[in-house]
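# Structural description and commentary
So the chains spell out like this:
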Amino acid sequence: MQLQETDIEAYLTEAKNAVYEGRYRLERNFRRKKNRDLFINYVIDEQKTKEILMSLTAQDFSDVVQNEHAGYEHEQLYIFGKDVMLMERFGSRIKKVPLYIKFNKLDSKIVIVISFHEQKHPLTYYFK
């Protein structure tokens, strides 16, 4: 898929509008342990999560992939990476944490944040 920076900027504009208006959900169910771990290991709350999502730019974009879960194959998932400064919950250090952020914007104008956790491997950025 050949993407232009303007395509990602337009996608982000719509996604950020949904986040700003509270039409988003961060998955923290039993299958999303890495997402939950971020909130256990660092001092981060819903407001900080929203700030991070609102700060994403096309330069943070890494890839777009098809959803592989049964019944959701028609969805495309957008992957971003973002370095953020977070305080350790069980310590006193503030450290740079590279985040892996994957979400989709549904036709109903709701954003589902599927992944929001520390990167396990460095990302390759599409426009950097």
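What comes next concerns the included structure. (Residues numbered from 1 in each chain as written. Predicted model: local features only at pLDDT ≥ 70, side-chain atom pairs only at ≥ 80, totals over all residues. Heavy atoms only, no water.)

## Observations concerning the nonpolar core
In this structure, Ile8, Leu38, Phe80, Ile101, Phe103 and Phe116 are the most contacted members of the largest nonpolar core, which totals 31 residues. Among the elements of the structure, α1 (5–20), β1 (24–26), α2 (33–41), α3 (46–54), β2 (61–66), β3 (76–87), β4 (94–105) and β5 (111–118) are those that each provide at least two residues to this core. For this core, the element with the most residues is α1, which contributes six residues. The contact partners of phenylalanine 116, leaving out residues within four places of it in the chain, are Leu26, Lys34, Asn35, Leu38, Phe39, Ile44, Thr49, Ile52, Leu53, Leu99, Tyr100 and Ile101. (Core = buried A, V, L, I, M, F, W, Y, C linked by side-chain atoms within 4.5 Å. Buried < 20%, exposed > 50% of the residue type's maximum accessible area, 1.4 Å probe, protein only. Helix = DSSP H or I, 4+ residues; strand = E, 2+ residues; numbered from the N terminus. Contact = heavy atoms within 4.5 Å.)

## Re the pattern of salt bridges
One pass over the structure, following the stated rule, counts six salt bridges. As a salt-bridge pair, arginine 93 and glutamate 88 come within 3.3 Å of each other at their nearest N and O atoms. In this structure arginine 93 comes out as partly exposed when scored by relative accessible area, which is 46%. (Salt bridge = Lys/Arg side-chain N within 4 Å of Asp/Glu carboxyl O.)

## With respect to α3
Each turn of an α-helix holds 3.6 residues, which means side chains three or four residues apart point in the same direction. Within α3, the full set of buried residues consists of Thr49, Ile52 and Leu53. Projected onto a plane normal to the axis of α3, the buried residues spread over an arc of 100° and lie on a single side. The inward-facing, buried residues of α3 abut α1, β1, α2, β3, β4 and β5. Its side-chain oxygen placed 3.3 Å from the backbone nitrogen of glutamine 47, aspartate 45 serves as the N-cap of α3. (Arc of directions from axis to C-beta. Polar contact = N/O pair within 3.5 Å; in protein donor to acceptor, adjacent residues only side chain to side chain.)

## Things to note about the side chain of asparagine 35
By the element assignment, asparagine 35 lies in helix α2. Residue asparagine 35 is classed as buried on the basis of its relative accessible area of 1%. When near neighbours in sequence (up to four residues on either side) are disregarded, asparagine 35 contacts Leu26, Glu27, Arg28, Ile114, Ser115, Phe116 and His117.

## Focus: the packing of aromatic side chains
Counted by the stated rule, this structure contains nine aromatic pairs. Consider the rings of tyrosine 11 and tyrosine 78, whose centres lie 3.7 Å apart with planes at 15°: the pair is stacked. Taken together, the positions of tyrosine 11 in helix α1 and tyrosine 78 in strand β3 put the pair 67 residues apart, joining distant regions of the chain. Its relative accessible area of 10% is what places tyrosine 78 among the buried residues. Taking the centre distance of 5.5 Å and the plane angle of 65° together, the rings of phenylalanine 61 and tyrosine 126 count as edge-to-face. Separated by 65 residues along the polypeptide, phenylalanine 61 in strand β2 and tyrosine 126 in the segment after β5 bring together distant segments of the chain. For phenylalanine 61, a relative accessible area of 0% translates into the label buried. With a relative accessible area of 31%, tyrosine 126 lands in the partly exposed category. Members of the aromatic cluster, each reached through a chain of ring pairs, are Tyr11, Phe61, Tyr78, Phe80, Phe103, Tyr126 and Phe127. Stacked on the ring of phenylalanine 39, the Lys or Arg arginine 28 has its end atom at 4.2 Å from the ring centre. Above the face of the tyrosine 125 ring, lysine 128 is positioned so that its terminal group lies 4.5 Å from the ring centre. (Phe/Tyr/Trp six-rings, centres within 6.5 Å; stacked < 30°, edge-to-face > 60°. Lys NZ or Arg CZ within 6 Å of the ring centre and 35° of its normal.)

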